[in-house]
Amino acid sequence: MASRSAQRAGDVAWARTPKVNGELFALTYGAMVKRLVEDYTEIDEVNEQLEKMGYNIGIRLVDEFLAKAGLPPCQGFQETAEVIAKVAFRMFLGVAADVTSWNSEATAFSLLLADNPLAEFVELPRQYKTLCYSNVLCGVVRGALEMVSEEMRSLGLG
Amino acid sequence: MLRAVSVIGPRNEPLFFRRFLNGEPGGAEDAPDLRYHFMCHSALDVLEERKRGNQKALDMFQGLLCPMEEYLVYAYLTNTQLKVLAILEDAEITVEESVLALMRAVHTAIQRHVMNPFSRLGEPITSPRFAADVARAVATYNDHDAEGAASAAYVAIGEANLNAGYDDDTFL
């Protein structure tokens, strides 16, 4: 039931945000990743840079989110997860994520994006197998949560 | 029956070539491959002539370029001077709409490949996803082609019956 109200809040927030062309967005991000791959020799460094960029975006984005979404403070880590997946992702990316794979202590979870608008046309060449293409999203979540004083670590899985 | 599909770039550089044997891509013999390559190359000359002549052509589908030995070559020219050539076996009936649908599907596959930030333009297309898209388009074409051939066969049988049985007493 909390998930459904989060979903509704997400839809409302999405309807209110100004939109940008999805293809332009995907191509811009792709150009940026390609540039990073060309500049850095190690793929791990690229992943790290993407995460850092995401972090810088996240620390700024969280204020926008809190202002626009108008939700009350979360009552626990589970609710935080739902809000990130259903409201924040829906509001900024247009697609809601799914919260899965909670660990036994309920301190770690996975966000699954069924339809990733960043990687819409992407096909990774074999030499970039270890590239976490959407690692910027991990950084965004980390930055946002740090600003609301939740220290976290994220592992992107490409 | 579709024999080969070829994608050629704006500077006439070959970007993709796939031979199809009974709907499946492949075959390891090189000699038949060279024949189709040669046919594509000659077809390009015909395309150049057409381009020079008809500057006002807005439609991308060029239609049947030329028959060559027992094959037909169809061409599709995009605004970026990208060419898609299809080599078909000369059959009694070739439905142009199916060929056009095939060309459009290949064009869509090219677009998808080009939108990939890691694809290198102007270089031969080695993406497995692109090859799969083209194979799917060819399979769809062959299905339609088989239907067309089957219905053509029905028409032929029907005509044969008409010609054979005019002494049927039920029709007065």
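All figures in this text were calculated on a predicted structure; none of them were measured in a lab.

Okay, the overall build of chain A next. For chain A, the helix and strand inventory stands at five helices and two strands. Tracing chain A from N to C terminus, the helices and strands come up as α-α-α-α-β-β-α. When the backbone C-alpha atoms are referred to their principal axes, chain A occupies close to 45 × 35 × 25 Å. Of the roughly 9,600 Å² that chain A leaves accessible, carbon and sulfur atoms contribute 54%.

Here we come to the pattern of salt bridges. Across all of its chains, the model carries 14 salt bridges over all chains by this definition. Notably, a salt bridge pairs Arg129(B) with Glu123(A), separated by 3.6 Å at the nearest N-O pair. Residue Arg129(B) is located in helix 3 (residues 128–164), and its partner Glu123(A) is located in the loop between strand 2 (110–112) and helix 5 (135–147); the two belong to separate chains. In terms of burial, Arg129(B) and Glu123(A) fall into one category: buried. Look at the salt bridges and you will find they share partners, linking Arg35(A), Glu38(A) and Asp39(A) into a network.

When the pLDDT values of chain A are averaged, the result is 88; 93% of them are 70 or greater. Averaged pLDDT values for the elements of chain A fall to 85 in helix 1 (residues 2–16) of chain A and rise to 93 in helix 2 (residues 22–39) of chain A.

Residue and element names in this part refer to chain B. As for its position among the elements, methionine 103 is in helix 2 (residues 96–115). Placed 18 residues apart in sequence, methionine 103 and leucine 85 show a C-alpha to C-alpha distance of 8.2 Å. Beyond its immediate sequence surroundings of up to four residues, methionine 103 is in contact with Phe61, Tyr74, Ala75, Tyr76, Val84 and Ala86.

Residue and element names in this part refer to chain A. Residue isoleucine 84 marks the point of greatest curvature in helix 4 (residues 77–93), where the axis turns by about 35°. Most of helix 4 is tucked away: 12 of the 17 residues are buried. Of all the residues in helix 4, the buried ones are Thr80, Ala81, Val83, Ile84, Ala85, Lys86, Val87, Ala88, Phe89, Arg90, Met91 and Leu93.

We now examine the interface of chain A and chain B. Residue-level contacts link 15 residues of chain A with nine residues of chain B. Together chain A and chain B conceal approximately 1,100 Å² of surface at their shared face, both sides included; 63% is due to carbon and sulfur atoms. On the chain A side of the interface with chain B, the three residues burying the most area are Lys34(A), Phe121(A) and Glu123(A), jointly 59% of the side's total. Where chain A packs against chain B, one counts one salt bridge.

Residue and element names in this part refer to chain A. Between helix 4 and helix 5, whose axes approach to 12 Å, the crossing angle comes to 120°. With respect to their mutual orientation, helix 4 and helix 5 come out oblique. Seen along the crossing, helix 4 lies across helix 5 with a hand that is right-handed. Residue-level inspection shows Thr80, Ile84, Phe89 and Leu93 of helix 4 in contact with helix 5, the latter providing Leu137, Val141 and Leu145. In terms of residue class, the contact of helix 4 with helix 5 is made up of six nonpolar, one polar and no charged.

What counts, and where the lines are drawn
Residues numbered from 1 in each chain as written. Chains lettered and ligands numbered in written order. Predicted model: local features only at pLDDT ≥ 70, side-chain atom pairs only at ≥ 80, totals over all residues. Heavy atoms only, no water. Helix = DSSP H or I, 4+ residues; strand = E, 2+ residues; numbered from the N terminus. Areas by Shrake-Rupley, 256 points an atom, 1.4 Å probe, with all protein chains shown as cover. Salt bridge = Lys/Arg side-chain N within 4 Å of Asp/Glu carboxyl O. Buried < 20%, exposed > 50% of the residue type's maximum accessible area, 1.4 Å probe, protein only. pLDDT = per-residue confidence, 0-100. Contact = heavy atoms within 4.5 Å. Bend = angle between axes of the 7 residues up to and from the residue. Buried area = accessible area lost by both parts, 1.4 Å probe. Axes fitted to C-alpha atoms, helices over the stretch in contact; angles between N-to-C directions. Parallel < 35°, antiparallel > 145°, perpendicular 65-115°, else oblique. Left-handed = near helix turned anticlockwise from the far one by under 90°. Nonpolar A, V, L, I, M, F, W, Y, C, P; charged D, E, K, R; others polar.

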